[in-house]
Amino acid sequence: MMIRWIRRFEGWFGAAGAVFIAIGLYYGLAASPPDSYQGEVVRIMYVHVPFASTSMTCYGVLTVASLWYLWKRDPLVDNLAHASAGIGVFFTAGALYTGSIWGKPTWNTWWTWDARLVSFTILLLILIGYLMLRTFIEDREREARYAAILAIVGAVDLPIVHFSVEWWRTLHQPLSVSQRGIAIAGVMLYPLIFMSIGFYLLLTYMIGVRTQMLYLKQLLEAKRGRLLGEVHS
Amino acid sequence: MNFFNVIRWLAWKDLLSEMRSRENISSMFFFALIVILIFSFSFSTDQQTARELMPGIMWVAFVFTGIIGLGKSFTAELQNDCLENLQMNPIPRGAIYLGKLASNLLFMLIVELILFPLFVIFFNLDVFEKIPLFVLILIAGTLGVSSVGTLFSAMTVQIRAREVMLPILLLPLIVPVMIGAVEATGGLLRGDPISLYRPWIELLIVFDVIFTIVSFWVFEFILDH
């Protein structure tokens with residue numbers, strides 16, 4: 001069963017993630033040179049980029065799990081979806097937060113209406129709405145079903161949001177400063193690779209733990225309900 | 001009953017009960033009027049700036065009133081267990097969605113068409129030769145809001161805190177509609193050449209098609225036992 005597999009291997013993912021992130025931090029903070037153009041500020045990239053890619057992966061997991069749930073109605077898959085949405089809030093908020101800190105010295109603004117920023121904000125809003133929706137439904141099966149529907153509709157919406165905002169900006173005023181498309185030297189690539197792998201391992205670990213927690217909580221509730229039922233009858 | 005009859009009867013039923021009670025349209029209309037007035041007071045600017053802000057104000061008012069109407073669309077079905085009855089009937093789920101979508105779209109469009117002359121008066125617009133294109137933008141934008149909105153209205157009606165959850169879920173998703181509708185309306189009213197704002201109308205139509213199909217498909221999972 002899937003839950004056994006999670007219980008058995010999640011610790012390894014956590015430990016490996018810690019090792020990779022530690023190596024990545026050493027390379028990123030100490031061993032790599034400051035950028036010739038951006039200086040020391042560039043080091044925030046080593047957390048920002050992994051945050052951004054893991055948060056998109058989170059939404060991917062959420063979408064696939066939601067489709068799978070509507071198809072097979074497996075409660076554990078719903079727990080997986082629920083877990084990845086919760087963890088997704090953390091990573092998306094992290095991406096926006098670190099991006100904002102990076103934006104201040106390089107773009108000279110905390111915030112701009114760039115397509116990526118807007119679509120990440122919408123992503124965060126959808127994830128928070130998803131978690132809120134789940135708290136407002138008593139029936140467990142209906143909660144899972146409605147949440148899955150929201151996740152799927154959101155998944156269809158996000159690319160459209162991205163393209164429409166991109167279009168909106170290019171038709172209006174081109175971004176004054178754009179750092180995209182800079183080539184990365186090898187020395188700077190290593191910490192990025194280590195951090196990315198570390199973040200993905202951490203993500204797997206966190207989703208594993210959270211899925212297990214949600215699963216056990218439901219198991220506990222079901223058992224308690226059965227016990228109470230026996231007492232009352 | 002066949003598919004199209006279900007759609008027609010559902011929409012007709014909503015329309016009939018609206019004609020008798022006039023609850024929905026009148027509350028939507030006065031709410032929109034108040035939103036417009038509040039906006040006009042908070043941006044007390046000259047005529048020129050007001051005109052630039054106008055498309056945004058107009059669509060915010062339309063979307064907010066749409067949310068009022070959408071919220072009521074399925075709550076009306078809770079009385080006398082109508083929703084249960086709808087669910088138990090052996091009629092295609094998609095037809096229920098399309099019937100509700102039709103009535104929601106119609107209510108929103110009626111309110112918008114009543115409000116539009118007020119905009120013309122308040123903001124001094126000269127629009128008479130632009131009306132056909134404007135109506136197209138209006139329909140495309142409103143369909144975008146109500147296609148996703150009808151789905152979420154059916155979803156939030158059976159949960160706690162439904163008045164809060166509908167806008168929280170709906171508004172982030174219709175950002176493309178807002179951008180497209182505001183840009184297209186702005187371009188039209190400024191008198192830009194059509195090639196400048198046609199992409200926005202196309203965006204609206206693409207959004208409408210995609211979300212009507214997706215909502216039609218997932219609606220089956222909402223009314224499901």
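Thresholds applied
- Residues numbered from 1 in each chain as written.
- Chains lettered and ligands numbered in written order.
- Predicted model: local features only at pLDDT ≥ 70, side-chain atom pairs only at ≥ 80, totals over all residues.
- Heavy atoms only, no water.
- Helix = DSSP H or I, 4+ residues; strand = E, 2+ residues; numbered from the N terminus.
- Buried < 20%, exposed > 50% of the residue type's maximum accessible area, 1.4 Å probe, protein only.
- Contact = heavy atoms within 4.5 Å.
- Areas by Shrake-Rupley, 256 points an atom, 1.4 Å probe, with all protein chains shown as cover.
- Lys, Arg positive; Asp, Glu negative; His and termini not counted.
- Charge placed at Lys NZ, Arg CZ, Asp CG, Glu CD.
- Expected span 1.5 Å × (residues − 1).
- Bend = angle between axes of the 7 residues up to and from the residue.
- Patch = residues over 30% accessible without salt bridge, like charges linked within 9 Å, V, L, I, M, F, W, Y side chains within 5 Å.
- Salt bridge = Lys/Arg side-chain N within 4 Å of Asp/Glu carboxyl O.
- Buried area = accessible area lost by both parts, 1.4 Å probe.
- pLDDT = per-residue confidence, 0-100.
- Phe/Tyr/Trp six-rings, centres within 6.5 Å; stacked < 30°, edge-to-face > 60°.
- Lys NZ or Arg CZ within 6 Å of the ring centre and 35° of its normal.

**Q** For this particular structure, what's the right way to read the overall build of chain B?
**A** Looking only at helices and strands, one finds 9 helices and 0 strands in chain B. Listing the helices and strands of chain B from first to last along the sequence gives α-α-α-α-α-α-α-α-α. Counting only C-alpha atoms, chain B reaches 55 × 35 × 30 Å along its principal axes. The 225 residues of chain B split such that 52% are buried. In chain B, the proportion of contacts linking residues at least 24 apart, taken out of those at least 6 apart, comes to 84%. Carbon and sulfur atoms provide 68% of the accessible area of chain B, an area that totals close to 10200 Å². Distance from the positive charge centre (13 side chains) to the negative charge centre (18 side chains) of chain B: 5 Å.

**Q** What should I look at first to understand helix α1 (residues 2-31) of chain A in this one?
**A** Three- or four-residue spacings in an α-helix give side chains the same orientation, since the helix completes a turn every 3.6 residues. Between its first and last C-alpha, α1(A) extends 40 Å over 30 residues, near the 44 Å set by a 1.5 Å rise per residue. In α1(A), a bend of some 40° at A:F9 exceeds every other bend along the element.

**Q** Just checking my understanding: could you explain the environment of A:F163 for this structure?
**A** Residues and elements named next belong to chain A. For F163, the position within the fold is in helix α5 (residues 140-172). Its relative accessible area of 54% is what places F163 among the exposed residues. Through-space distance from the C-alpha of F163 to that of R116 is 9.6 Å; in sequence the pair is 47 residues apart.

**Q** What am I meant to see in a nonpolar patch on the surface here?
**A** Residues A:V19, A:I23, A:Y26, A:Y27 and A:Y190 make up a contiguous nonpolar surface patch of roughly 490 Å² in combined accessible area. By residue number, the principal contributor to the nonpolar patch is α1(A), which donates 4 residues.

**Q** How should the pattern of salt bridges be read in this particular structure?
**A** Oppositely charged side chains can pair when the atoms bearing their charge come close. Considering all chains together, one arrives at 12 salt bridges over all chains under this definition. We note a salt bridge from A:R145 to A:E141, for which the minimum N-O separation is 3.1 Å. With A:R145 and A:E141 both in helix α5 and 4 residues apart, the pair spans about one turn of that helix. The salt bridge involving B:D14 is made with B:K100; its shortest N-O contact spans 3.0 Å. Taken as a pair, B:D14 in helix α1 (residues 3-21) and B:K100 in helix α5 (residues 93-123) lie far apart in primary sequence, 86 residues in all. Each of the two residues, B:D14 as well as B:K100, counts as buried. One salt-bridge network, held together by shared partners, links B:K13, B:D14, B:E77 and B:K100.

**Q** It is not clear to me how the interface of chain B and chain A should be interpreted in this structure. Could you clarify?
**A** Listed as interface residues are 30 residues of chain B and, on the opposing side, 31 residues of chain A. Summed over both partners, the interface of chain B with chain A buries about 2900 Å², with 76% contributed by carbon and sulfur atoms. Together, B:M155, B:R160 and B:F221 form the three largest contributors to the area buried by chain B at its contact with chain A, with a combined 19%. Counting every contact that joins chain B to chain A gives 1 salt bridge. The salt bridge involving B:R160 is made with A:E138; its shortest N-O contact spans 2.7 Å.

**Q** What is the right way to look at the confidence of the model for chain A in this model?
**A** Low pLDDT marks regions whose predicted coordinates should not be analysed in detail. Scored by pLDDT, chain A has a mean of 87; 90% of the residues are at 70 or more. Throughout residues 173-178 of chain A the model reports pLDDT below 50, and contacts reaching past four residues in sequence, or to other chains, amount to 5 contacts.

**Q** When you look at the packing of aromatic side chains in this model, what are you seeing that I'm missing?
**A** Note on aromatic pairs: each is described by the distance of the centres and the angle between the planes. On inspection of all chains with the given rule, the structure shows 22 aromatic pairs over all chains. Judged by centre distance (5.5 Å) and plane angle (75°), the rings of B:F3 and B:F4 are edge-to-face. Aromatic pair B:W217 and B:F221: ring centres 5.8 Å apart, planes at 80°, arrangement edge-to-face. Sitting over the ring of A:W71, A:K72 keeps its end group 4.3 Å from the ring centre. Above the ring of B:F74, the side-chain terminus of B:K100 is found at 5.1 Å from the ring centroid.

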